[in-house]
Each structure stands twice: as structure tokens, then as C-alpha cells.
Amino acid sequence: MAADEVKTSVRVLCRRLIIINKNEQPGLQWLIGSPFFPPFTIVSTFRCIHTLPSSPLSPHYSNESDDLRSLLLRGFEVIGALIVGENSDFEQVASEAVSASRNLRKFLSGNVDGRDSEDRDLVGAVADLDTGNLCFFVSRSGDSTRLESVDDVIYADQPEKYVWERGCLLRCELKIKLPVYFPVESPKEAGDMYLRASDAIAARFRDPQATYIIEAFNEPSAEVPHPVVLRGVEVVSDLGNAGLSNATAEEADARTVSCSYFCSKRKDVSSFKSVEEDADKIQVSVLLNRSGKSPKYAAPIAEYFPALKEAKLLVVDYKLRVLCYAAKDLSLEKAVSNLIIVGLIDQICTMKNIISPNLLRQHPVLHPYHFSPPGFLHPVTVIYELRYGETEMKQVEARRSLHLRLGLPFDRPLLRIANAINLSTPNTARSNSTSKGSPLLKDVHLGIPCSGVSGGVISMVQGSYEYHHYLQDGYDDSGWGCAYRSLQTIISWFRLQHYSSIDVPSHREIQQALVEIGDKEPAFVGSRDWIGAIELSFVLDKLLGVSCKVINVRSGAELPEKCRELALHFENQGTPIMIGGGVLAYTLLGVDYDDVSGDCAFLILDPHYTGSDDIKKIVNGGWCAWKKAVDSKGKHFFLQDRFYNLLLPQRPNMV
């Protein structure tokens, strides 16, 4: 096949390509890729939310570039655009998408008036929501006037594996106290001095005396590679006591060391769970050698510069937290120079632009956080203003804007500070889990045997929960506390999804809440009286402000008839359900339902378990398992002569 006959293909990694809904007006999405991937590989998509009043398809490039520069990890970039709406002339619309992405790249590179400083092949995509048609075109660098139609679109089966087998994360944190002196008589000069001081700090990252220490982000062990030190343009491998004679050729010639030197050689990412657990991470620390080299010994010198006028000192705290994505075969020298340093400078500039207008008032307290939203293959970075509480409208609107850009639902908190991924050093993470973490088992349904329903569709709980059951916490509630334990499991779900920060209440605290709202008499506190679905709804409303829907059935035989409604609950709300009937209460985590045959199964988490928190005992004993209303031996799981109440907690509509 001739070179000009090679088929052009687009590879789509993101789980959800189109994030603009059918009932919305036409819109534009930025297509995100990486210079470390083959051309036309789409990793994620961001909605364009800053547009000119004249048209929703006319981006406000300055505002868009400011946002994306802050959000996007270095190592990812805009590789094209997708226009969604009612489209007829696909090639013309694709040309507009390519033009928009090329203009945005100029703003992102700071080369607004000239050519894209890193001119590259770009993707122009068009989606017609009425017909469902989706077409891709590509524009080659150096020939932006001609578009090529793309017929070969590849949707990756294991996108996480594609991303994290090829690359790793570089992490750098740096605290800076920036002193700014300005004349009391001329407070306007403070702004200029602050800008100059911030620019000077940014310039120091490329100073020959700046030192970067690169080390493994692992538990200390004999297998952990020794740190590598970069001093200015010189690269030196710090081999500790091992010495160069014992080093490999790769370690000795540190200038050629790649990121893979610090990456796990045995890690399998085919069952990727999260960035915190599975992505290879490399720690980068920044030091500044102020003394330099001197031909002879000399005492330190302090210089005194008296102020000519009365001056005031203002100290601005920078807390920089930079995360970058790098190919594993990228040299450490290039990773620091092209990713870490540029990321640090970008973050300082972003913070400088936010702080500068309010410098002399109570200036903003800014802190970067990294998030890994559901459906995204890579983290994003968000800089929050810590002077505001998370429930204040200014912060709520900021998060709502982020949800809009990332195509996230507006009925759940996904970008609150508590949602930030934990990339602390391993020792810190371990100590935090010991002091603040719960010892209870989480998500015990993962990995259990299948339901046995042929052709069914599984709908189940969304997110994590803790398994609460009899005899936990040294408290004997066997025979009467199953509904209390089910309620504790439900409340743990709301805690772990960051809807609430209250502790999971004890039996006594649950009883006290029912007394305070007038549902029970004071003597109820400390008793062993049962509670049911209605009492659970009262407690959820009082303690969490959560409303509930209640389904009543006259007998256990009618429960399979509710499977379609229960499946809709798990798909739309995703919260655990409490099933109460007679003297028994269960937690329902999902249903497997075949709407053709009517065959179904219920994923039951049983609070009546009295053993230790051993996942094997729980699963093998059927305490968390799929249960059919009638099993193969004709035994009924739900009582036929008892009514049942099903409590369906509703997910709060909040971000």
C-alpha cells in the first residue's frame, strides 16, 4: 500500500464522547489527547462554557484557555473539537471545529498573534443529535485548508490499560512564602511589586542553581530505585552508599534515565480501579542552592538595604500542587523541564491573576486539588478559594460550572474537597487510614458469584458503603437491631459519597433522634424495640435532610413485580434500599431483571450476620449474595404471609 493510501484512524478512549444533551442548544466540546499517544487519540472531552454572546459556537478563547490551563494536567492537550447540534454540512462544520481548536491552542501556548507554536494534526468532529450521526475529519499540520474524512474509528475496550501502561504521574508540591514590601504612602505600587516578585519566583525554576530530586513514590524497600538529582542542566544520579561501581549503565548515565526507571515492572493495570491505587507515580521535589560554588571558603554575608520611605510587608502564601502525565519512556530531564517546571509556572500565573485584584484587601487563599471524576481516564486539577465554605453559593456555582464543563451530573457531589484524590506520601496515607479510616468492610458485593438470571440486566448501588451487621462495636443487638444496622449501612453510603460528614449514628443516637422529632416516647431510648422503614425515613430526614420513597407490598410474593421500579431506582438514585418485612430487615444493593421472562434476583446484604469481618466467610456463607424469590429447591426467600415496606432513599440534588 502506498504511503498516501494508509488509512487514517481515530481512537476514542473516553467512556462518553458526547456530553451535550439532545435538548440543549448546539455546543462545542474540546477533544483532549496527549503528545505521548499516536495522533488522533481522544482521551477525554471538555465542554466549551465561555462563549461570545453572538453564538454558542464562538468561544471566548481567553477565558477558555485560562480555565483549561488550570484544569488540564501537563502531558495532555487540546487535539481538536467536536460540534454537537443540528448539522447538515458536516465537512464545513468540522472545518469550524478545527479552526476553533487551532485558535485555542494559540491562546494556550501564549502565541495568540502567530502560528500555533506546536502546530500538529488536529481532529474536527461533528455530531447530529437528531439523526445520531457522528463523523470525524482530520486536518494535517501545514495544510489546514484541507480536511480528510475518517472512516476508521476505534473504540478502546480497556482505555485505562491503554493510558496507564504507557504513562505515569509526576507529582510535585511546593510551598512558597512570597514577601512583598511597598511604600505605605503608595499602596498602588504593591500590585506592581507583587507581579514582579511572582514573575521572579517563576523564573527561578529554570535557574541553574535549581535542583530537582526525582524519587520513587513507593514504600521503602530494597527494590526501590535510588533517587535521581537534576542540577540545572546537569543530571546526576544519587546512588547513596551503593556507589557508581555497583550501578547499572542506565543508573550511571543519569542523563538518559527515563520515567520507567521508577515505575513498577510487575504491575497489571488490566483490572484498573483508581489513580491512587494503580497508576505509577513519581515524586519530584524542588530545592534551590543559594550558595553556589566558590573557589575558596568565605563567611556568609548579609546585606542591608534601608527603605527610603515607611514600608509595609505583605506575605502571600503559595501552595503549589502540580500533577503531570508522562510517557514511561520519556527522559527524566525532559519530564522535569517540559512538564513539571511548566506546570509550576502555569499554577503560579493562575494564582497570581486571581490574587492580584484583591491583593490589599483580604486576598484569596488558594489551594489546588486533584480529582478523578467518574468516567475520566485522567485526573483534573481545580484551584479552590478556601475563604469560602463549600456550601456558600459562590463555591456551589464554581462547582456547578465545573460539572457543566466536564459533563458531570448535577445531583451529586463529585468535586468537593473531600472527593479529592489522596496522593499523600505512602506513610502519611497509611497513618491517616489508621487514625481516620473505618475498620469496617466496604463494598462486600464486589466479586461475588453471579445471580443466575439468564439474559437479565443488572442495576445496582452506585458508589461505596460500609457493611454494618449484628454484634459490631461490641454491641449485642442480635434479634432486634437488623433495621438499625441497615440504616447505618445507608448512612455510611451518604458519608462515603460526601453528601454528609456526620458520623454513622449508634443505636442509641438513632433512638434519640426519633424521640426528638416526637415519633417515640423518651423511654424508647436505650430499649431493644424494633424499628421499620418509616422510622428509618424519619431519621434520614432529621440527620441528613434526605427524603425517601416508600413502596408497600402485601406479601413477599409480590416483590418480584417491583423489580422494574427497583432497577430504575438504582439507575437514577443509586442508593442502598432497606427492605423490612415482619421481624426481618435487609439491605438491598441491586437487582438482576430480565423484562422478557420476568426472571429476577435480588442482591441482598444481610445485617443478621454475627461473625467477624472476614470477607470470605461473609461471601461463602451467603450473607452478601444474589437471592431469588424462589430458589431451585422451591424455597421462598421472602415470606409469603408478611407485608413488606421498601425504603428508597433519594439522592440529594446538589454538587
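Computed from a prediction, not measured in an experiment: that's the story for all the values here.

Draft legend 1. Region of the structure containing the overall build of the chain. Along the chain, the regular secondary structure elements total 14 helices and 24 strands. Per-residue burial for the chain yields a buried fraction of 47% across its 655 residues. Nonlocal contacts in the chain, meaning residues at least 24 apart in sequence, comprise 69% of its contacts between residues at least 6 apart. Surface exposure of the chain reaches about 32300 Å², of which carbon and sulfur atoms provide 50%.

Draft legend 2. Molecular detail of the environment of Leu104. By the secondary structure assignment, Leu104 is in helix H2 (residues 90-109). Looking at Leu104, the relative accessible area reads 0%, which means it is buried. In this structure, the C-alpha to C-alpha distance between Leu104 and Leu68, residues 36 residues apart in sequence, is 9.8 Å. Contacts of Leu104, omitting those with residues within four sequence positions, involve Trp30, Tyr61, Glu64, Ser65, Leu68 and Val78.

Draft legend 3. Quick look at the pairing of strand S2 (residues 27-33). The element S2 is largely enclosed, with a buried count of seven among its seven residues. Side chains Gly27, Gln29, Leu31 and Gly33 of S2 all project onto a buried face; the interleaved residues Leu28, Trp30 and Ile32 project onto the opposite face, where all are buried too. Bridge count between S2 and strand S5 (residues 77-85): seven bridges; the pairing is antiparallel. Paired with Leu28 across the two strands is Ile83, which belongs to S5.

Draft legend 4. Representation of unusual backbone geometry. A positive phi angle, near 70°, is found at Leu471, a position not held by glycine. Here Leu471 lies in the loop between strand S18 (457-460) and helix H10 (482-496). In this structure, His498 takes a positive phi of about 65° despite not being glycine. Here His498 shows up in the loop between H10 and helix H11 (507-516).

Draft legend 5. Examining the packing of helix H4 (residues 189-204) against helix H7 (residues 332-355) more closely. Taken N-terminus to C-terminus, the directions of H4 and H7 make an angle of 170°; their axes are 10 Å apart at the nearest point. Relative to H7, H4 is oriented roughly antiparallel. Residues Tyr194, Leu195, Ser198, Asp199, Ile201 and Ala202 of H4 lie in contact with H7, whose contacting residues are Ile345, Ile348, Met351, Lys352 and Ile355. Across the contact of H4 with H7, the residue classes tally to eight nonpolar, one polar and two charged.

Draft legend 6. Highlighting the pattern of salt bridges. Applying the stated criterion across every chain yields a total of 28 salt bridges. Notably, a salt bridge pairs Lys177 with Asp317, separated by 2.9 Å at the nearest N-O pair. With Lys177 in strand S10 (residues 167-183) and Asp317 in strand S15 (residues 311-327), the pair connects residues that are 140 residues apart, well separated along the chain. Classification of Lys177 by relative accessible area gives exposed; the value is 60%.

Draft legend 7. Local environment of the sheet that holds strand S3 (residues 41-42). Across the sheet, three strands lie side by side as S3-S1-S9; this open sheet has parallel pairing. Both edges of this open sheet fall to S3 and strand S9 (152-155), since each of them pairs with a single strand only. Of the pairings in the sheet, the one linking strand S1 (residues 9-12) to S9 comprises four bridges and is parallel in character. Across the sheet, the residue bridging to Val10 is Val153, located in S9.

Draft legend 8. Inspection of the packing of aromatic side chains at higher detail. Following the criterion strictly, the structure yields 22 aromatic pairs and no others. Each ring, one from Tyr61 and one from Phe107, has its centre 5.7 Å from the other, and the planes form 20°; the classification is stacked. Here the residue Tyr61 occupies a position in helix H1 (residues 61-71), and Phe107 occupies one in helix H2, the gap between them amounting to 46 residues. What makes Tyr61 buried here is its relative accessible area of 17%. A ring pair is formed by Tyr475 and Trp480, whose centres lie 6.1 Å apart and whose planes are at 75°; its orientation type is edge-to-face. Looking at Tyr475, the relative accessible area reads 36%, which means it is partly exposed. Every member of this aromatic cluster is reached through a ring pair, and the members are Phe36, Phe37, Phe76, Tyr162, Trp164, Phe272 and Tyr325. The ring of Tyr162 has Arg166 sitting right over it, with the charged end atom 3.6 Å from the ring centre. The residue whose ring lies beneath Lys520 is Phe524, and the NZ or CZ to ring-centre distance is 5.3 Å.

Draft legend 9. Looking closely at the nonpolar core. If you look at the biggest cluster of nonpolar residues, it comprises 53 residues, and the most contacted ones within it are Trp30, Phe46, Trp164 and Phe371. The leading source of residues in this core is H2, at seven residues.

Draft legend 10. Here's a closer look at the confidence of the model for the chain. Confidence along the chain averages 87 in pLDDT terms, with 90% of residues attaining 70 or more. Mean pLDDT across the elements of the chain ranges from a minimum in helix H9 (residues 426-435), with 35, to a maximum in S3, with 98. Taken as a whole, residues 233-252 scores under 50 in pLDDT and shows 34 contacts with residues more than four places along the chain or in a different chain. The model gives residues 426-436 a pLDDT under 50, and that stretch makes eight contacts with residues more than four places away or in other chains.

Draft legend 11. The arrangement of the environment of Leu174 in detail. Checked against the element boundaries, Leu174 lands in strand S10. A C-alpha to C-alpha distance of 5.1 Å links Leu174 and Leu320, two positions 146 residues apart in sequence. If we ignore the near neighbours within four places in the chain, the residues touching Leu174 are Phe205, Val286, Tyr318, Lys319 and Leu320.

Draft legend 12. Main features of a nonpolar patch on the surface. Among the surface-exposed residues, Ile517, Ile534, Phe538 and Val550 lie close enough to one another that they form a single nonpolar patch of about 280 Å² accessible area. Relative to the helices and strands, Phe538 is located in helix H12 (residues 533-544).

Draft legend 13. Fine view of H10. The end-to-end C-alpha distance of H10 is 21 Å, a good match for the 21 Å that 15 residues give at a rise of 1.5 Å each. The element H10 is largely enclosed, with a buried count of 13 among its 15 residues. The positive-phi residue at the C-terminal boundary of H10 is His498, with phi of around 65°.

Draft legend 14. View of the pairing of strand S21 (residues 584-593). Taking burial as the measure, the ten residues of S21 include nine buried ones, the bulk of the element. Of the strand pairs in this sheet, S18 and S21 are connected by four bridges, and their pairing is antiparallel. Bridge pairing links Ser459 to Val591 in S21. Where strand S20 (residues 577-581) and S21 come together, five bridges link them in antiparallel fashion. Each residue of the ladder has a partner; that of Ile579, found in S21, is Tyr586. Following S20, the chain reverses through two residues before pairing antiparallel with S21; Gly582 in that reversal takes a positive phi of roughly 65°. Here six bridges tie S21 to strand S22 (residues 600-605), and the two strands are oriented antiparallel to one another. Bridging from a neighbouring strand, Asp592 pairs with Ala601 of S22. Between the antiparallel neighbours S21 and S22 lie six residues, among them Gly598 with a positive phi of about 85°.

Calculation rules
Each chain has its residues counted from 1, following the order in which its sequence is written. Residues qualify for local features only when their pLDDT is at least 70, as the model is predicted, and side-chain atom pairs are given and counted only at 80 or more; totals for whole chains, interfaces and linings, by contrast, use all residues. Neither water nor hydrogens contribute to the side-chain values; these are computed over all heavy atoms in the structure. Helix numbers and strand numbers start at the N terminus; a helix is a DSSP run of H or I with at least 4 residues, a strand a run of E with at least 2. Each residue is placed in one exposure class: buried if its accessible area under a 1.4 Å probe, protein chains only, is under 20% of its type's maximum, exposed if it is over 50%, and partly exposed if it falls in between. Here, two residues are considered to be in contact whenever any of their heavy atoms come within 4.5 Å of each other. Here the open area of atoms and residues is found with the Shrake-Rupley method and a 1.4 Å probe, where only the protein chains shown may cover a residue. Note: two strands are recorded as paired if DSSP finds a minimum of 2 bridges between them. The axes are straight lines fitted to the C-alpha atoms, using for helices just the contacting stretch, and the angles between their N-to-C directions are given from 0 to 180°. Any angle that is under 35 degrees is reported as roughly parallel, and any over 145 degrees as roughly antiparallel; angles of 65 to 115 degrees are reported as roughly perpendicular and all others as oblique. All residues other than Ala, Val, Leu, Ile, Met, Phe, Trp, Tyr, Cys, Pro, Asp, Glu, Lys and Arg, Gly among them, are scored as polar; the first ten of these are nonpolar and the last four charged. By definition, a salt bridge exists where a carboxyl oxygen of Asp or Glu is found within 4 Å of a side-chain nitrogen of Lys or Arg. Only Phe, Tyr and Trp rings are paired, with Trp represented by its six-membered ring, and only when their centres lie within 6.5 Å; those with planes under 30 degrees apart are stacked, over 60 edge-to-face, the remainder tilted. Consider the ring centre and the ring normal. A charge sits over the ring if Lys NZ or Arg CZ is within 6 Å of that centre and within 35 degrees of that normal. We call a set of buried residues a nonpolar core when its members are Ala, Val, Leu, Ile, Met, Phe, Trp, Tyr or Cys and they connect through side-chain atoms within 4.5 Å of each other. Known as pLDDT, the predictor's confidence for each residue is given on a scale from 0 to 100. The patches described consist of residues with a relative accessible area above 30% and no salt bridge, like charges being joined within 9 Å and nonpolar side chains (Val, Leu, Ile, Met, Phe, Trp, Tyr) within 5 Å. Take the number of residues in a helix, subtract one, and multiply by 1.5 Å to get its expected span.

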